[in-house]
Amino acid sequence: MKIEKVLNNNAVVAMNDEQQEVIIIGRGIAYQKRAGDMVSEQHIDKIFTLQNEDIQENFKALISSIPLEYMKVSEEIIAYAKLKLGKKLNESIYLHLTDHIHFAIERYRKNLPIRNGLIWETKQLYKEEYEVGMEALNMICDQFGVILPEDEAGFMALHFVNAALNEEMPNIKSMTQVMQEILTIIKYHFKIDFDENSLTFYRFVTHLKFFAQRLVKGKHYKSNNDDELFLMIQKKYPAAHKCSEKIKKFIESNYTYQLTDEEMMYLTIHIERVVNATSE
């Protein structure tokens, strides 16, 4: 491949065989090279093909300004996350996670830690992503010899949630808050503690995640207008329905979002299941 632009000694922009612009990284790959020269394949560590032009441009700027090691450890963490989570991650994760890791290590070295106000909620609601974040801390320690605090595992977990849902980080934080508020209402309504390791809880959190996403975006579950089924659910699970009504009032009061009958029905069903699973 022919070099289009040299970013630094370890990164270049080139055109692949499909005439797509790619970013190639590798130690010393651009040493004494200039635009028009051929890429030495033996020095290639990773080739990035990013479809979003804004992300691509920002990624180029980031790579130009940081050492190769940050990019390599970020790519290793992302590869591990994809395997562990089994989810497709938006390509923005390469930009945002790499930037976060670089900034986190710089803050650590300057003794400027940042507390994560959502660490408890992240551990509870995004357990798998948090576990990936904790493993990422180990990888970073192996590469850079720094022991980042647990707060950083939580921050990185939210980056993975963000990349899986294709949301902006402020939306992810808002969604996490909504989910935690709903769980708190259920917890105190029924005076229970959730079994956070159960499959039922995991399914409920997944349901809440997409409900919170709709709320933040101001969208609703498409209505099928099955009033008879909704009435049947109310009668079958009166305690769960009463709790869902409490949640509905809270959401309307705090977020000016009107839950549909379908949303109420599914919320009631999930509450019934998670409460029963906890009491077993």
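About the criteria used
Residues numbered from 1 in each chain as written. Predicted model: local features only at pLDDT ≥ 70, side-chain atom pairs only at ≥ 80, totals over all residues. Heavy atoms only, no water. Domains from an automatic or database assignment. Core = buried A, V, L, I, M, F, W, Y, C linked by side-chain atoms within 4.5 Å. Buried < 20%, exposed > 50% of the residue type's maximum accessible area, 1.4 Å probe, protein only. Helix = DSSP H or I, 4+ residues; strand = E, 2+ residues; numbered from the N terminus. Contact = heavy atoms within 4.5 Å. Pairing = 2+ DSSP bridges. Axes fitted to C-alpha atoms, helices over the stretch in contact; angles between N-to-C directions. UniProt positions renumbered as here; feature names shortened; annotations may be inferred. Parallel < 35°, antiparallel > 145°, perpendicular 65-115°, else oblique. Nonpolar A, V, L, I, M, F, W, Y, C, P; charged D, E, K, R; others polar. Phe/Tyr/Trp six-rings, centres within 6.5 Å; stacked < 30°, edge-to-face > 60°.

**Concerning the domain arrangement of the protein chain**
In terms of domain boundaries, the protein chain breaks down into domain 1 (2-51), domain 2 (68-166) and domain 3 (170-278). The centre of domain 1, based on its C-alpha atoms, is set 49 Å off from the matching centre of domain 3.

**Here's the deal with the nonpolar core**
The biggest cluster of nonpolar side chains holds 43 residues, and the ones touching the most others in it are Phe59, Ile77, Ile101, Ile140 and Phe160. Every element with two or more residues in this core is listed here: strand 2 (11-15), strand 3 (21-25), helix 1 (53-65), helix 2 (68-85), helix 3 (92-109), helix 5 (127-144) and helix 6 (150-165). Among the elements that make up this core, the one with the highest residue count is helix 2 (8 residues). When residues of this core are sorted by domain, at least three fall in each of domain 1 (2-51) and domain 2 (68-166). Apart from the residues within four sequence positions on either side, isoleucine 101 is in contact with Tyr70, Val73, Ser74, Ile77, Ile140 and Met156.

**Here's the deal with the sheet that holds strand 4 (residues 46-48)**
With antiparallel pairing, the 4 strands of this open sheet are ordered in space as 1-2-3-4. Among the strands making up the open sheet, the edge pair consists of strand 1 (2-8) and strand 4. Looking at each pair of strands side by side, their axes are set apart by 25° on average, direction ignored. Contacts between helix 1 and the sheet are confined to strand 1, strand 2, strand 3 and strand 4, with strand 3 contributing the most and set at about 20° to the helix.

**Topic: unusual backbone geometry**
A positive phi angle, close to 60°, is found at glutamine 32, a residue other than glycine. Relative to the helices and strands, glutamine 32 resides in the loop between strand 3 and strand 4. Overall, glutamine 32 belongs to the exposed group, its relative accessible area being 67%.

**Points about the pairing of strand 3**
The element strand 3 is extensively covered by neighbouring structure, given that 4 of its 5 residues are classed as buried. Looking at chain direction, strand 2 and strand 3 are connected through 5 bridges and run antiparallel. Bridge pairing in strand 3 places alanine 14 opposite valine 22. Hairpin connection, strand 2 to strand 3: the antiparallel pair is bridged by 5 residues, and glutamine 19 has positive phi, about 60°. Two elements, strand 3 and strand 4, share 3 bridges in a ladder whose sense is antiparallel. When the bridges of strand 4 are listed, isoleucine 24 appears paired with isoleucine 47.

**Focus: the side chain of histidine 159**
Among the secondary structure elements, histidine 159 is positioned in helix 6. If we ignore the near neighbours within four places in the chain, the residues touching histidine 159 are Ile93, His96, His100 and Met169.

**Details of the UniProt feature "domain: PRD" (unreviewed entry) in the protein chain**
As annotated in UniProt, the feature "domain: PRD" (unreviewed entry) corresponds to residues 65-170 and 171-280 in the numbering used here. Annotated as residues 65-170, this span is 75% helix and 0% strand, and its ends, taken at the C-alpha atoms, are 26 Å apart.

**So, the packing of helix 3 against helix 6**
Helix 6 packs onto helix 3 with a crossing angle of 170° between their chain directions and a minimal axis gap of 10 Å. Comparing the axis directions of helix 3 and helix 6 gives the class roughly antiparallel. Here Ile93, His96, Leu97, His100, Ile101, Ala104 and Arg107 of helix 3 come into contact with helix 6, specifically with Glu152, Phe155, Met156, His159, Phe160, Asn162 and Ala163. Tallied by class, the residues present in the contact of helix 3 with helix 6 amount to 8 nonpolar, 4 polar and 2 charged.

**Re the packing of aromatic side chains**
Within this structure, the stated rule accounts for 5 aromatic pairs. For the ring pair phenylalanine 48 and phenylalanine 59, a centre distance of 5.2 Å and an interplane angle of 75° mean the geometry is edge-to-face. Here phenylalanine 59 lies in helix 1 and phenylalanine 48 lies in strand 4, a separation of 11 residues in the sequence. Considered together, phenylalanine 48 and phenylalanine 59 belong to a single accessibility category, that of buried residues. Aromatic side chains phenylalanine 211 and tyrosine 257 sit 5.9 Å apart centroid to centroid with 85° between the ring planes, which places their arrangement in the edge-to-face category. You can see phenylalanine 211 sitting in helix 8 (residues 199-217) and its partner tyrosine 257 sitting in the loop between helix 10 (238-255) and helix 11 (261-279), a full 46 residues away along the chain. Each of the two residues, phenylalanine 211 as well as tyrosine 257, counts as buried.

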